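Structural features, examined
Here's the letter readout for the chains.
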Amino acid sequence: MLMQHSLQQLRTLRLEGMARAFEEQLTQPAITALSFEERFAQLIDREILLRDGKRIDRLLKAARIKAAAACLEDVDYRAGRGLERSQIAALGTGQWIRHHQNCLITGPTGSGKTWLACALANAACRQGLAAYYVRLPRLFEELRIAHADGSFSRRLMQLARMDLIVIDDWGLAAPSAQERSDLLELLDDRVGTRSTVITSQLPIEHWHTYLGDPTFADAILDRVVHAAHKLALKDESMRRKEKA
């Protein structure tokens, strides 16, 4: 009766991990060989594991990662792709995010840029970091609507708090003057404090021309290219290879 009461109290306190571990201990006669401290440590460990799992699930859901199953363990290192195991392993630690550095991924259509960017975002979430995936055209549309309904400043603040933002499909269409200004605002909030991944078909040396206005281009690229890891994928389309 006392044990059932204790279980109920744990659940009332929303200590579900501890409650489950306590129930399991009650069904294991051999557990009596452990000291009270050892048994209690097991309860705490289970609570931490459960909470960490729930937090990761929340982070992954909020990130809206396009390729949700992408993970760095599955990176294809076949010859000619332009990927080095050591560089991917270093990015996989997440230290570049904690040091507020960026990552720029370029390459032809279908070469795996989006997948790799999603794998980096996935790894970040699993390390307890907040990530967000968005295609640049959709980001511009999102900010345009935010201007119209008066939520622009609030949305910028929300994005500024993200440990990692993945901006996919950079360079598809030349930005308008308003879009360049919004992009600069977004990146200025993140420089030196958060990390950004950008994927693009355009080589980095063409980004200045793509952005149009030289003054804005200089300001934007100064905030993006500085302290950035660069991955230039060179292989033929991964999509065609998968269909072959």
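As shown above, the structure is provided for reference.
Here the structure is a predicted model, which is why all the values come from computation and not from measurement.

What to know about the sheet that holds strand S4 (residues 195–200)
Strand order in the open sheet made by the five strands is S2-S3-S4-S1-S5, with parallel pairing throughout. Bordering the open sheet on either side are strand S2 (131–135) and strand S5 (228–232), each of which pairs with just one other strand. Between one strand axis and the next, the sheet turns by 15 degrees as a mean value, whatever way the strands run. In this structure, strand S1 (residues 102–106) lies alongside S4, joined through four bridges in parallel fashion.

Brief notes about the pattern of salt bridges
Scanning the model with the defined rule gives five salt bridges in all. The salt bridge partner of Asp169 is Arg135, with a shortest N-O separation of 2.7 Å. Residue Asp169 is found in strand S3 (residues 164–170), and its partner Arg135 is found in strand S2; the two are separated by 34 residues along the sequence. Judged by relative accessible area, which is 26%, Arg135 ranks as partly exposed. Note that Arg144 is salt-bridged to Glu141, the shortest N-O span being 2.7 Å. With a gap of three residues between them, Arg144 and Glu141 both fall in helix H7 (residues 136–149), about one helical turn apart. According to the relative accessible area criterion, Glu141 is partly exposed, its value standing at 37%.

Some remarks on helix H6 (residues 113–126)
For H6, which comprises 14 residues, the first-to-last C-alpha distance of 20 Å matches the rise-based estimate of 20 Å (1.5 Å per residue) to within 8%. The buried count for H6 comes to 12 of 14 residues, which makes it a mostly enclosed element. Residues of H6 that are buried include every one of Lys113, Thr114, Leu116, Ala117, Cys118, Ala119, Leu120, Ala121, Asn122, Ala123, Ala124 and Cys125, and no others.

With respect to the side chain of Ser200
Here Ser200 shows up in strand S4. Accessibility expressed as a relative area gives 1% for Ser200, which makes it buried. In terms of polar contacts, Ser200 uses its side chain to reach the side chain of Trp207, at 3.5 Å. In this structure, Ser200 is in contact with Ile105, Thr106, Gly107, Lys113, Trp170 and Trp207, ignoring residues within four places of it in sequence.

Reading guide: rules and limits
- In this convention, every chain numbers its residues from 1, walking through the sequence in written order.
- In keeping with the model being predicted, local features are shown solely for residues with a pLDDT of at least 70 and side-chain atom pairs are shown and tallied solely at 80 or more, while totals for entire chains, interfaces and linings include all residues.
- In computing side-chain properties, one takes all heavy atoms of the structure into account and sets aside hydrogens as well as water.
- The rule for pairing is simple: two strands pair if DSSP sees at least two bridges between them.
- Secondary structure elements are defined from DSSP: runs of H or I of at least 4 residues count as helices, runs of E of at least 2 residues count as strands, and each element is numbered from the N terminus.
- Lines fitted to the C-alpha atoms define the axes, with helices restricted to the stretch that makes contact. Angles between their N-to-C directions range from 0 to 180 degrees.
- What counts as a salt bridge is simple: a side-chain nitrogen of Lys or Arg found within 4 Å of a carboxyl oxygen of Asp or Glu.
- Burial here depends on accessible area, computed with a 1.4 Å probe over protein chains only, as a share of the maximum for the residue type. Under 20% is buried, over 50% is exposed, and the range in between is partly exposed.
- Any helix carries an expected span of 1.5 Å times its number of residues minus one.
- Think of a polar contact as two N or O atoms within 3.5 Å of one another; within protein, one of them needs to be a possible hydrogen donor and the other a possible acceptor, and neighboring residues in sequence only count if both atoms come from side chains.
- Only heavy atoms enter the contact rule, under which two residues are in contact if any of them lie within 4.5 Å.

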